[in-house]
Amino acid sequence: MNIIMIMADSFRKDHIGAYGGTKIQTPNLDRLAAESVIFDQAYPEGLPTLPVRTAMFTGNYTLTNRFWQGLTPQDYTLSEVLDEYDYTNIMITDTYHMFKPNMNFHRGFHEWQWIRGQESDAYKTRPHSQDLDRYLKPEMYGDQMVRIVDQYLRNVEGRKGEEDYFSAKVMGQAIEWLDENQDLGNPFFLYVDSFDPHEPWDAPPRFVEKYTDPNYQGNWIFSPKGGENNWLTPEELEHTRNLYAAEAAFVDEQIGKLLDKIRELGLMENSLIIFLADHGHPLGEHGKMLKMVDQLYSPLLCIPLMFRMPGAEMAGKRIDALVQTVDLFPTIMDFLGFERENEFLQGKSLLPLIKGTSDKVREYATMGFFSSEERCLRDQKWSYIRTLSGSTNELYDLVTDPEETKNLCDELPEKAAEMEEALARTLKVRWQKEHGLQNRFDVPGKCDKRFPPLRYWKK
């Protein structure tokens, strides 16, 4: 059984038609959703880009113990496990953070393809011919986004057709790999990771023309600075949102091309296809832009997650249980019949939810940034945000107030206290469990040239 996983960085759940989105047209993801098991309450855990992928690749949490770093020698990854079961593993990505020195996210893959030039990737030093001021406002000078925009314009200088845009390159490389590797003789794990629709929101002209106001005359803010967005006029804010929409629609089209190739090669019958995003993207809904530590609201936290089972089994089934990206590794193991590998994973297999033998795998979902005190705890109805010291905590009823506009902490202090207590319990976990083979290693302070007591590892 093949595993094909498609990641779209920062793809907002509410921009996908299958999740009720009306801002753009997403016919390809909608078609995939119609053939898939759909998770309606999926969340990341530790944010942003790399911690999410670490949890997904290792099946273990990152929120309280690691932030922006690569895989460690102690990590045991999904690709390494699949390698032991004779899978051929392929990674194709333009998410440049993954292939910076010492990140090691390609570990366990037999082939990896890095597509250079996204965002501030140190790819090109040549000057660009663009007017930098067109993409900035005076309020942005002094912010790191100036350097990011300048580097991005260097990287895309000389771009000609749509085939030169990043999402097209990523999906195109995946299509080429599938064409060239039809007769492997063993199953494969194809991991396709598109940095788009992450900013800069720079879609081909036909998408920009479709989703933006042709009469707009302001600056082209395709990569705004993070934080409060009161430096943007209403027209500029709307244009920036439309640029994101255009980028997301372009990504949908490119994913559709990959899905068409999978279908053409007859791989739909013997492949598990997973689509997800690592997180969403705030676009000024709470007065702020980008992925900030104080934006633990639905635009950032809610993610799309679809499992297309082989042969479209259970197509259209929707699951309302809470799930997180850390659950993907154990779900794949369980699906392939390698469930013994899950013993030392903190994620939960979602297969019982898919099969209908269980209606939940976790009581709560917990999210946040390692570098911040802020944490969000959610169940299927409530969202509780523990804010920075000295600030007011927040409690929202997601059923009656899905846009999270009315803080109910003062009105419902008992519910807030209940959620605070649950948050404390959730964060009090023993993180990386030790494998039994570690018993042969000495533990400082626990033993001296002797095996440590078994009870020490069994805590």
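Above this note sits the structure.
A quick note: this is a predicted structure, and the numbers were derived from the prediction, not measured.

Q: Please explain the overall build of the protein as it appears in this structure.
A: Counting its secondary structure elements, the protein contains twelve helices and 15 strands. Over its C-alpha atoms the protein spans a radius of gyration of 22 Å, differing by no more than 12% from the 23 Å that the globule rule assigns to 459 residues. By principal-axis analysis of the C-alpha atoms, the protein measures approximately 70 × 65 × 45 Å. Taken over 459 residues, the protein has a buried fraction of 59%. Sequence-distant contacts, at least 24 apart, represent 70% of the contacts inside the protein between residues at least 6 apart. For the protein, the exposed area adds up to about 19400 Å²; of that, 48% sits on carbon and sulfur atoms. Computed over 52 positive and 73 negative side-chain charges, the separation of the two mean positions in the protein equals 5 Å.

Q: Is there a simple way to think about the sheet that holds strand E8 (residues 271-276) in this case?
A: In sheet architecture, strand pairing relies on hydrogen bonds along the backbone and comes in two forms, parallel and antiparallel. Reading across the sheet, the eight strands line up as E5-E4-E6-E1-E8-E10-E2-E11 and stay open at both edges, with mixed pairing between neighbours. Edge positions in the sheet fall to strand E5 (111-114) and strand E11 (318-324), since each of these pairs with one other strand and no more. In this sheet, adjacent strand axes meet at a mean angle of 15° when their direction is disregarded. Direction of pairing for strand E4 (residues 88-93) relative to E5: parallel, over a ladder of four bridges. Looking at E5, one finds that Thr93 is bridged to Trp114. Where helix H5 (residues 166-180) meets the sheet, it contacts strand E1 (2-8), E4, E5 and strand E6 (188-194), and its direction lies at approximately 165° from that of E6. Packed onto the sheet, helix H7 (residues 234-264) meets E1, E6, E8 and strand E10 (303-308) and runs at close to 170° relative to E1.

Q: What should I look at first to understand the nonpolar core in this one?
A: The nonpolar side chains of a soluble globular protein tend to be buried with one another. Counting 70 residues, the largest nonpolar core has Leu258, Ile262 and Phe275 as the members making the most contacts within it. The leading source of residues in this core is H7, at 13 residues. Residues Met98, Met309, Ala321 and Met333 belong to the second largest nonpolar core, which totals 43 residues.

Q: Looking at this model, I keep getting lost on the pattern of salt bridges. Mind explaining?
A: Any two side chains of opposite charge can pair, so long as their charged atoms come close to each other. Counted by the stated rule, this structure contains 29 salt bridges. Here Arg53 makes a salt bridge to Asp193, at a shortest N to O gap of 2.8 Å. Of the two residues, Arg53 sits in helix H2 (residues 49-58) while Asp193 sits in strand E6, which places them 140 residues apart along the sequence. Of the residues examined, Asp193 reaches a relative accessible area of 0% and is grouped as buried. The salt bridge involving Glu363 is made with Lys360; its shortest N-O contact spans 3.4 Å. A relative accessible area of 36% places Lys360 in the partly exposed class. Three or more residues are tied together by salt bridges with common partners; here these are Asp9, Arg53, Asp193 and Asp278.

Q: When you look at the sheet that holds strand E13 (residues 375-378) in this model, what are you seeing that I'm missing?
A: The strand order across the open sheet formed by five strands is E3-E12-E13-E14-E15, and the pairing between neighbours is mixed. For this open sheet the edge positions go to strand E3 (46-47) and strand E15 (394-397), each flanked by a neighbour on one side alone. Inspection of the sheet shows strand E12 (residues 365-369) paired to E13 by four bridges, in the antiparallel sense. Across the sheet, Ala365 pairs through a bridge with Arg378, a residue of E13. Contacting E12, E13, strand E14 (382-386) and E15, helix H11 (residues 413-427) crosses the sheet at an angle of about 70° to E14.

Q: What should I look at first to understand helix H9 (residues 328-336) in this one?
A: The periodicity of an α-helix, 3.6 residues per turn, causes residues three or four positions apart to be oriented the same way. Burial runs high along H9: seven of the nine residues are buried. Just beyond H9, the residue with positive phi is Gly337, at close to 85°.

Q: Can you walk me through the side chain of Gln118 in this structure?
A: Residue placement: Gln118 occurs in the loop between E5 and helix H4 (144-156). When its relative accessible area of 1% is taken as the criterion, Gln118 is described as buried. Once residues lying within four places of it in the same chain are set aside, the contact partners of Gln118 are Asp94, Tyr96, Tyr152, Asn155, Phe166, Phe195 and Asp196.

Q: Can you walk me through unusual backbone geometry in this structure?
A: Most peptide bonds take the trans form, and the phi angle of most residues other than glycine is negative. That bond from Leu47 to Pro48 is cis: its omega, -5°, falls within 30 degrees of zero. Assignment of secondary structure puts Pro48 in the loop between E3 and H2. Cis geometry marks the peptide bond from Asp196 to Pro197, where omega comes out at 10°. With respect to the helices and strands, Pro197 occurs in the loop between E6 and helix H6 (205-211). One non-glycine residue, Asn102, lies in positive phi territory at about 75°. Relative to the helices and strands, Asn102 resides in the loop between E4 and E5.

Q: Is there a simple way to explain the side chain of Lys288 in this structure?
A: In this structure, Lys288 sits in strand E9 (residues 288-289). With near-sequence residues (within four places) excluded, Lys288 lies in contact with Gly227, Glu228, Asn229, Pro282, Leu283, Asp294 and Gln295.

Q: Help me out: how do you make sense of the packing of aromatic side chains in this one?
A: How two aromatic rings sit relative to each other is given by the distance of their centres and the angle of their planes. For the structure on display, the rule yields 21 aromatic pairs. Relative to Trp114, the ring of Phe99 lies with its centre 4.8 Å away and its plane at 25°, an arrangement referred to as stacked. Placement of Phe99 in the loop between E4 and E5 and of Trp114 in strand E5 is noted, with a sequence separation of 15 residues between them. Judged by relative accessible area, Phe99 falls into the buried class, the value being 15%. Three or more aromatic residues joined by ring pairs make a cluster, and in this case those are Phe57, Phe105, Phe109, Phe189 and Tyr191. The side chain of Arg159 reaches across the aromatic face of Tyr165, ending 3.8 Å from its centre. Positioned over the ring face of Trp382 is Lys381, at 5.0 Å from the centre of the ring.

Quick notes on the rules
- Residues numbered from 1 in each chain as written.
- Predicted model: local features only at pLDDT ≥ 70, side-chain atom pairs only at ≥ 80, totals over all residues.
- Heavy atoms only, no water.
- Helix = DSSP H or I, 4+ residues; strand = E, 2+ residues; numbered from the N terminus.
- Rg over C-alpha atoms; globule rule 2.2 N^0.38 Å.
- Buried < 20%, exposed > 50% of the residue type's maximum accessible area, 1.4 Å probe, protein only.
- Contact = heavy atoms within 4.5 Å.
- Areas by Shrake-Rupley, 256 points an atom, 1.4 Å probe, with all protein chains shown as cover.
- Lys, Arg positive; Asp, Glu negative; His and termini not counted.
- Charge placed at Lys NZ, Arg CZ, Asp CG, Glu CD.
- Pairing = 2+ DSSP bridges.
- Axes fitted to C-alpha atoms, helices over the stretch in contact; angles between N-to-C directions.
- Core = buried A, V, L, I, M, F, W, Y, C linked by side-chain atoms within 4.5 Å.
- Salt bridge = Lys/Arg side-chain N within 4 Å of Asp/Glu carboxyl O.
- Phe/Tyr/Trp six-rings, centres within 6.5 Å; stacked < 30°, edge-to-face > 60°.
- Lys NZ or Arg CZ within 6 Å of the ring centre and 35° of its normal.

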